[in-house]
Amino acid sequence: MWRQGLNLVRRASPRLIVLPHSSNSSFGIRQIITGSSSSSSPSVSIWRRKKEMGKEGLMVAKELKRLQSNPIRFERFIKSHVSRLLKSDLVAVLAEFQRQDLVSLSMRLYEVVRKEIWYRPDMFFFRDMLFMLARNKSVDEAKKVWDDLKKEGVLFDQHTFGDLVRAFLDGGLPSEAMHIYDEMRRSPDPPMSLPYRVILKGLLTYPELREKVKDDFLELFPDIVVYDPPEDLFDEEEWRKESDDD
């Protein structure tokens, strides 16, 4: 009888480990709550899953590209078709627009996603948007996305911060990159050396900014050596550029 009751408790609550109590009562039950159950484990972010479009998603992507030059028909199509897309298709269409560097369409779908009932602020959602905007030197759009993520309380981890700073540096946007770097410095996450190395490498063509980050790095990680390129590296690169121009 006791075993039957024990099995019922196990089936009803998989997150509980049920053990006999150490007291004299043979019917006493002691329970230990664990976090190992699949029901309590966080699911993989939809923004990190493989994104495959269904037929309706493909049709919508094609039609949005065709209608973007006609604002009235474009917005009408957004309301009538895009809002009806399955979550997986909407995510896939946005990812495809990002891959094609279609800034305007990506920003419009970005707004659509944020109004969906299933939407939750997600680090990877904002990261992918910022990567695309950095590649396309879209400063105003990047500022808007950054303001949105701050309002929604999204916090990047140190590796993502480092990758974002590098993306904006590679996009030729050092001011925006250093703004993100300052946010990284204020982050409550403990600093890690690898993101700083990624940033320092991206700053090779910005010596003054690199010295600032290098000083921060040496202060945080005094036992780690920073590689400095030869002093004539940049002079040699400038000479090659001038020669090519001639």
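Worth saying up front: this structure is predicted, and the values here are computed from it rather than measured.

Conventions and cut-offs
Residues numbered from 1 in each chain as written. Predicted model: local features only at pLDDT ≥ 70, side-chain atom pairs only at ≥ 80, totals over all residues. Heavy atoms only, no water. Helix = DSSP H or I, 4+ residues; strand = E, 2+ residues; numbered from the N terminus. Buried < 20%, exposed > 50% of the residue type's maximum accessible area, 1.4 Å probe, protein only. Contact = heavy atoms within 4.5 Å. Polar contact = N/O pair within 3.5 Å; in protein donor to acceptor, adjacent residues only side chain to side chain. pLDDT = per-residue confidence, 0-100. Phe/Tyr/Trp six-rings, centres within 6.5 Å; stacked < 30°, edge-to-face > 60°. Core = buried A, V, L, I, M, F, W, Y, C linked by side-chain atoms within 4.5 Å.

**Re the environment of Tyr119**
Right, so step 1: In this structure, Tyr119 sits in the loop between α5 (103–114) and α6 (123–135).
Right, so step 2: Classification of Tyr119 by relative accessible area gives buried; the value is 9%.
Right, so step 3: Tyr119 sits 32 residues away from Lys87 along the chain, and the two C-alpha atoms are 9.4 Å apart.
Right, so step 4: Dropping the residues within four chain positions of it, Tyr119 is found in contact with Val113, Arg114, Phe125, Phe126 and Glu152.
Right, so step 5: Only 2.5 Å separates the side chain of Tyr119 from the side chain of Glu152, close enough to count as a polar contact.

**Describing the confidence of the model for the protein**
Right, so step 1: Per-residue pLDDT for the protein averages 81, and the proportion of residues at 70 or more is 76%.
Right, so step 2: Note on residues 235–244: pLDDT is under 50 here. Beyond four places in sequence and across chains, it has 0 contacts.

**Details of the packing of aromatic side chains**
Any two aromatic rings considered together are summarised by their centre-to-centre distance and by the angle between their planes.
Right, so step 1: Evaluated as defined, the whole model comprises 10 aromatic pairs.
Right, so step 2: Arranged with centres 6.1 Å apart and planes meeting at 85 degrees, the rings of Tyr181 and Tyr196 form a pair that is edge-to-face. Here Tyr181, found in helix α9 (residues 174–186), pairs with Tyr196, found in helix α10 (residues 193–202); they are 15 residues apart in sequence, far enough to count as distant. Across this residue pair, the class does not change: Tyr181 and Tyr196 are buried.
Right, so step 3: Their ring planes at 50 degrees and their centres at 6.1 Å tell us that Tyr196 and Phe217 sit as a pair that is tilted. Here Tyr196 is found in helix α10, whereas its partner Phe217 is found in helix α11 (residues 207–220), with 21 residues between them in sequence.
Right, so step 4: The class of Phe217 is buried, set by a relative accessible area of 1%.
Right, so step 5: In textbook terms, an aromatic cluster arises when at least three aromatic residues are bridged by ring pairs, as seen for Tyr110, Tyr119, Phe125 and Phe126.

**Concerning the nonpolar core**
Right, so step 1: With 59 residues, the main nonpolar core has Leu64, Val82, Leu109, Phe126, Leu130 and Phe156 as its most contacted residues.
Right, so step 2: In terms of residues, this core owes the most to one element, α6, which gives 9 residues.
Right, so step 3: When residues no more than four places from it in sequence are discounted, the contact partners of Phe156 are Met123, Phe126, Arg127, Leu130, Trp146, Leu149, Phe161, Leu164, Ser187 and Asp189.

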